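# Fold and contact review
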Amino acid sequence: MPYPAGHLIFFVLLLFPVAIYGFAKAFRKGKIQRSDWWYFLVLFATGSFFSLFPDISAVFNMILYGSRGDHCSIGSVPTHSFVFAGIAFIGGIIPGMVLYRQWNKALAVGVFALASSFLHLILDDMDKGVITYLYPLYNEPFSLYPFMTSTLSQTGILYYTITSIFGVLLFVLVVMMSFLSLRYLGFGLRYDPFKAEP
């Protein structure tokens, strides 16, 4: 997976196309105001940042050592795990609260940021990355997409079937988290401009 371009392209093509379509349709009809651009751009920037967030250690290594180095952990903490990706939820609430000034809308931005971060894990897993999904409960990396890297005879039918089912369900869950949170924020197939609640 080319870094960071591949993650950003998949974010735009898989998690953000509904928002782009609805916003472009409203723009064509002349229903977009200047303030609407802020909502669109902040959501796009938040999703883009958190789609790259698990590789944050690569940025630190580039700044400190001049090379990418180990980009899957910060010290002993793996960055490619559900726990670390969960930081994206909190990180998404902050711009959501600044932008919308409502907890329910801020939580929806947090869910969108979390989905973006989970997409990074899925893409790296498909590309044979080192993913420690269940850290700190289980510290060994494993793949939810064995059908992309091995055959049935190599993994065993039970492991192959269970991980394949969970892999597909995780992918569907991430896409649904993104679409539903965007829809709640007004960025569905039809753009509904944000109106502050009293």
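Heads up: the structure comes first, above all this text.
So, here is what we can say about the structure in this document. (Residues numbered from 1 in each chain as written. Predicted model: local features only at pLDDT ≥ 70, side-chain atom pairs only at ≥ 80, totals over all residues. Heavy atoms only, no water.)

## Here we look at helix H3 (residues 34–52)
Its 19 residues give H3 an end-to-end C-alpha distance of 28 Å, which sits within 8% of 27 Å, the value for a rise of 1.5 Å per residue. Where H3 is concerned, the buried positions are Asp-36, Tyr-39, Phe-40, Leu-43, Thr-46, Gly-47, Ser-48, Phe-50, Ser-51 and Leu-52. (Helix = DSSP H or I, 4+ residues; strand = E, 2+ residues; numbered from the N terminus. Expected span 1.5 Å × (residues − 1). Buried < 20%, exposed > 50% of the residue type's maximum accessible area, 1.4 Å probe, protein only.)

## Some points on a positive patch on the surface
On the surface, a cluster of positive charge is made up of Arg-28, Lys-29, Lys-31 and Arg-190. Secondary-structure assignment places Lys-29 in the loop between helix H2 (17–28) and H3. (Patch = residues over 30% accessible without salt bridge, like charges linked within 9 Å, V, L, I, M, F, W, Y side chains within 5 Å. Areas by Shrake-Rupley, 256 points an atom, 1.4 Å probe, with all protein chains shown as cover. Salt bridge = Lys/Arg side-chain N within 4 Å of Asp/Glu carboxyl O. Lys, Arg positive; Asp, Glu negative; His and termini not counted. Charge placed at Lys NZ, Arg CZ, Asp CG, Glu CD.)

## Let's talk about unusual backbone geometry
Cis geometry is found at the peptide bond from Tyr-135 to Pro-136, where omega equals 5°. Following the sequence through the fold, Pro-136 ends up in the loop between helix H6 (103–126) and helix H7 (152–155). For Arg-101, which is not a glycine, the phi torsion comes out positive at approximately 60°. Inspection of the secondary structure puts Arg-101 in the loop between helix H5 (82–100) and H6.

## Considering the nonpolar core
Phe-16, Leu-43, Tyr-100, Val-174 and Phe-187 are the most contacted members of the largest nonpolar core, which has 35 residues in total. Those elements that place two or more of their residues in this core are helix H1 (5–15), H2, H3, H5, H6 and helix H8 (157–184). Sorting elements by how many residues they give to this core places H6 first, with 10 residues. Among residues more than four places away in sequence, those in contact with Phe-187 are Val-18, Ala-19, Phe-23, Tyr-39, Phe-40, Leu-43, Tyr-100 and Leu-182. (Core = buried A, V, L, I, M, F, W, Y, C linked by side-chain atoms within 4.5 Å. Contact = heavy atoms within 4.5 Å.)

## A look at the pattern of salt bridges
Under the defined criterion, the tally for this structure stands at one salt bridge. As a salt-bridge pair, Arg-183 and Asp-192 come within 2.9 Å of each other at their nearest N and O atoms. The exposure class assigned to Arg-183 is partly exposed, which follows from its relative accessible area of 43%.

## Structural notes on the environment of Gln-33
Inspection of the secondary structure puts Gln-33 in the loop between H2 and H3. Here Gln-33 falls in the exposed class, since its relative accessible area comes to 54%. Remark: the alpha-carbon pair of Gln-33 and Pro-193, spanning 160 residues in sequence, is separated by 8.7 Å.

## Considerations on the packing of H2 against H3
At their nearest, the axes of H2 and H3 sit 12 Å apart, and the two run at 165° to each other. Viewed along their axes, H2 and H3 adopt a mutual orientation that is roughly antiparallel. Relative to H3, the crossing made by H2 is left-handed. For the pair H2 and H3, the contacting residues are Ala-19, Ile-20, Phe-23 and Phe-27 in the first and Asp-36, Trp-37 and Phe-40 in the second. Within the contact of H2 with H3, the residues separate by chemical class into six nonpolar, no polar and one charged. (Axes fitted to C-alpha atoms, helices over the stretch in contact; angles between N-to-C directions. Parallel < 35°, antiparallel > 145°, perpendicular 65-115°, else oblique. Left-handed = near helix turned anticlockwise from the far one by under 90°. Nonpolar A, V, L, I, M, F, W, Y, C, P; charged D, E, K, R; others polar.)

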